[in-house]
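One-letter residues, chain by chain:
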Amino acid sequence: MDKKLATTIGAAARVARNRLELTQADVAERIDVATEVYGRLERGGMLPSVQTLLKLCHELHVSADELLGLVSHGTASARTSEPSSAPPERPEVRRLLRTVRQLEAPHVKLLGLVANALGRR
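The rules behind each value
- Residues numbered from 1 in each chain as written.
- Predicted model: local features only at pLDDT ≥ 70, side-chain atom pairs only at ≥ 80, totals over all residues.
- Heavy atoms only, no water.
- Helix = DSSP H or I, 4+ residues; strand = E, 2+ residues; numbered from the N terminus.
- Buried < 20%, exposed > 50% of the residue type's maximum accessible area, 1.4 Å probe, protein only.
- Contact = heavy atoms within 4.5 Å.
- Areas by Shrake-Rupley, 256 points an atom, 1.4 Å probe, with all protein chains shown as cover.
- pLDDT = per-residue confidence, 0-100.
- Arc of directions from axis to C-beta.
- Axes fitted to C-alpha atoms, helices over the stretch in contact; angles between N-to-C directions.
- Parallel < 35°, antiparallel > 145°, perpendicular 65-115°, else oblique.
- Left-handed = near helix turned anticlockwise from the far one by under 90°.
- Nonpolar A, V, L, I, M, F, W, Y, C, P; charged D, E, K, R; others polar.
- Core = buried A, V, L, I, M, F, W, Y, C linked by side-chain atoms within 4.5 Å.

In the nomenclature of an unreviewed UniProt entry, the protein chain is known as Helix-turn-helix transcriptional regulator.

This is the structure:
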């Protein structure tokens with residue numbers, strides 16, 4: 001493994017993730033890897049596969065050149081996709097959604113009833 005490249009990719013991913021106000025768990029979920037694996041990637045402990053690198057580019061709104069350290073942060077001429085104009089979800093909402101996705105249908109229905117009741121207050 002090329003440790004310098006792994007460190008470069010990890011640092012660029014961390015900068016992009018922080019810019020988007022995402023947690024490591026948020027990014028890991030979006031690129032379909034375990035949170036621990038994503039953390040190791042950010043710390044430069046591993047290199048991502050090509051597929052994972054492409055997913056990172058898409059989810060972090062950076063070019064592959066930026067992640068690979070070929071251009072400075074934020075100066076890539078062609079971004080893979082621009083951030084949406086919708087306001088970002090708060091971290092606590094993203095954590096709640098991750099938890100809800102793991103619940104069984106009856107529990108999701110019950111949680112929906114509780115949320116509706118709270119919303120009427």
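Moving on: the overall build of the protein chain. Broken down by element type, the protein chain carries seven helices and zero strands. The order of α-helices and β-strands along the protein chain, N terminus first, is α-α-α-α-α-α-α. Scored against the burial criterion, the 121 residues of the protein chain give a buried share of 28%. Taking all contacts inside the protein chain whose residues are at least 6 apart in sequence as the whole, residues at least 24 apart take part in 54%. Within the structure as shown, the protein chain displays about 8000 Å² of accessible surface, and the carbon and sulfur contribution to it stands at 57%.

Bringing the confidence of the model for the protein chain into the picture now. A low pLDDT score tells you not to read the predicted coordinates there in detail. Looking at the protein chain, the pLDDT average stands at 85 and 87% of residues meet or exceed 70. Summarising per-element confidence for the protein chain, the mean pLDDT is lowest in helix α6 (residues 91-101) (82) and highest in helix α3 (residues 35-42) (96).

Time to look at unusual backbone geometry. Positive phi, normally seen in glycine, also occurs at Glu-21, with a value near 60°. Among the secondary structure elements, Glu-21 is positioned in the loop between α1 (3-19) and α2 (24-31). Phi is positive for His-61, close to 55°, though the residue is something other than glycine. Note on His-61: relative accessible area 17%, which makes it buried.

Turning our eyes to something else, we now look at helix α4 (residues 50-60). Within α4, the full set of buried residues consists of Thr-52, Leu-53, Leu-56, Cys-57 and Leu-60. Buried positions in α4, seen along its axis, are confined to an arc of 145° and lie on one side of it. Exposed side chains of α4 directed beyond 90 degrees from the buried face belong to Val-50, Gln-51 and Leu-54. Looking at the buried positions of α4, the neighbouring elements they touch are α1, α2, α3 and α5 (64-67). His-61 lies just past α4 and shows a positive phi near 55°.

Contact geometry of α2 with α4 gives a least axis separation of 9 Å together with a crossing angle of 120°. Of the possible angle classes, the one that applies to α2 and α4 is oblique. For the crossing formed where α2 meets α4, the hand is right-handed. Residue-level contacts link Val-27, Arg-30 and Ile-31 of α2 to Thr-52, Lys-55, Leu-56, Glu-59 and Leu-60 of α4. Residue classes in the contact of α2 with α4 are distributed as four nonpolar, one polar and three charged.

The next subject is the side chain of Arg-98. The residue Arg-98 is located in helix α6 in this model. When sequence neighbours within four positions are dropped, the list of residues in contact with Arg-98 reads Thr-23, Ala-25, Asp-26 and Glu-29.

Of all hydrophobic cores here, the largest spans 17 residues; its most connected members are Val-27, Tyr-38, Leu-56, Leu-60 and Leu-67. When contributions to this core are tallied by element, the ones reaching two or more residues are α1, α2, α3 and α4.

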